[in-house]
Amino acid sequence: KCREVYRELVIHMRTMYQKCKLVHGDLSEYNMLYHEGKVWIIDVSQSVDLDHPHAFDFLREDCLHVNTFFEKNGTKIIPERELFDFITDPTLKDEDVEDYLNELRKKIDAAAPMTDQEKVDQAVFHK
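Keep in mind that what you see is a predicted model, and the values were worked out from it rather than measured.

## What to know about the packing of aromatic side chains
The description of two aromatic rings rests on the distance between their centres and on the angle between their planes. Scanning all chains against the criterion turns up four aromatic pairs. Ring geometry for F56 against F84: centres 5.5 Å apart, planes inclined by 75 degrees, an arrangement best described as edge-to-face. Residue F56 is found in helix α2 (residues 55-72), and its partner F84 is found in helix α3 (residues 80-88); the two are separated by 28 residues along the sequence. The exposure class of F84 is buried, given its relative accessible area of 8%. Between the aromatic rings of F86 and Y100, the centroid separation amounts to 5.6 Å while the plane-to-plane angle is 15 degrees, which identifies the pairing as stacked. In this pair, F86 is assigned in helix α3 and Y100 in helix α4 (residues 97-110), connecting sequence segments 14 residues apart.

Next up, the structure:
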């Protein structure tokens, strides 16, 4: 079930970015509600517009917090950089999101554990 909720949440993050032109800025397990089989994002009033000078920094933090929570609960997560790219990619059409995530899931399921260099790259991306 966590895997399905994670998938739904990253789609919500993309929708907020692509359609609403917003970044939550404080997204974590404390700003998510699970009710009647769906995940709901709360505290959206604190979101920032994409023009905010720290919008990308906040989005990176949101990706980190979401991934940390779901990984801690045993969900195979989308690597932070790939999640960021999925959310911000303007060329990905809405009708292609599900197929994109399915292909990404296959790639993640087949991937070897992160190398030391990949861990360094991820840390650099987060800074």
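## Quick look at the packing of helix α1 (residues 2-18) against α2
Closest axis-to-axis distance for the α1/α2 pair is 11 Å, and the angle between their directions is 170 degrees. Comparing the axis directions of α1 and α2 gives the class roughly antiparallel. Contacts between α1 and α2 involve C2, V5, Y6, L9, M13 and Y17 from the former and F56, L59, D62, C63, V66, N67 and F70 from the latter. The class makeup of the residues in the contact of α1 with α2 is eleven nonpolar, one polar and one charged.

## Observations regarding the pairing of strand β3 (residues 38-41)
The alternating pattern of β3 places V39 and I41 on a buried face and K38 and W40 on a face that is not buried. Direction of pairing for strand β2 (residues 32-35) relative to β3: antiparallel, over a ladder of four bridges. Following the sheet pairing, H35 is matched in β3 by K38. Adjacent in sequence and paired antiparallel, β2 and β3 are bridged by two residues, among which E36 carries a positive phi angle near 50 degrees.

## Side note on the environment of Y100
You can call Y100 partly exposed: its relative accessible area is 31%. It is 24 Å that separates the C-alpha atoms of Y100 and L50, two residues lying 50 residues apart in sequence. Contact partners of Y100, with chain neighbours within four places excluded, come to F86 and L92.

## Describing the pattern of salt bridges
Scanning the entire structure with this criterion turns up nine salt bridges. Linking R7 and E98 is a salt bridge whose minimum nitrogen-to-oxygen distance equals 2.7 Å. Of the two residues, R7 sits in helix α1 while E98 sits in helix α4, which places them 91 residues apart along the sequence. On the basis of relative accessibility, which here comes to 41%, the residue E98 falls in the partly exposed class. Across the salt bridge formed by K106 and E103, the nearest N and O atoms sit 3.3 Å from each other. Of this pair, K106 and E103 both sit in helix α4, three residues apart, which is roughly one turn of the helix. For K106, a relative accessible area of 54% corresponds to the exposed category. A single salt-bridge network, built from bridges that share partners, covers R3, R105 and D109.

## Observations concerning the packing of α1 against α4
In a packed pair of helices, the relevant descriptors are the angle between the two axes and the axis-to-axis distance. The contact between α1 and α4 brings their axes to 12 Å, and the two run at 130 degrees. Relative to α4, the element α1 is oriented oblique. Here α1 and α4 pass one another in a crossing that is right-handed. Together, R3, Y6, R7, I11 and R14 of α1 and V97, E98, L101, N102, R105 and D109 of α4 make up the contact between the two elements.

Cut-offs applied
Residues numbered from 1 in each chain as written. Predicted model: local features only at pLDDT ≥ 70, side-chain atom pairs only at ≥ 80, totals over all residues. Heavy atoms only, no water. Phe/Tyr/Trp six-rings, centres within 6.5 Å; stacked < 30°, edge-to-face > 60°. Helix = DSSP H or I, 4+ residues; strand = E, 2+ residues; numbered from the N terminus. Buried < 20%, exposed > 50% of the residue type's maximum accessible area, 1.4 Å probe, protein only. Axes fitted to C-alpha atoms, helices over the stretch in contact; angles between N-to-C directions. Parallel < 35°, antiparallel > 145°, perpendicular 65-115°, else oblique. Contact = heavy atoms within 4.5 Å. Nonpolar A, V, L, I, M, F, W, Y, C, P; charged D, E, K, R; others polar. Pairing = 2+ DSSP bridges. Salt bridge = Lys/Arg side-chain N within 4 Å of Asp/Glu carboxyl O. Left-handed = near helix turned anticlockwise from the far one by under 90°.

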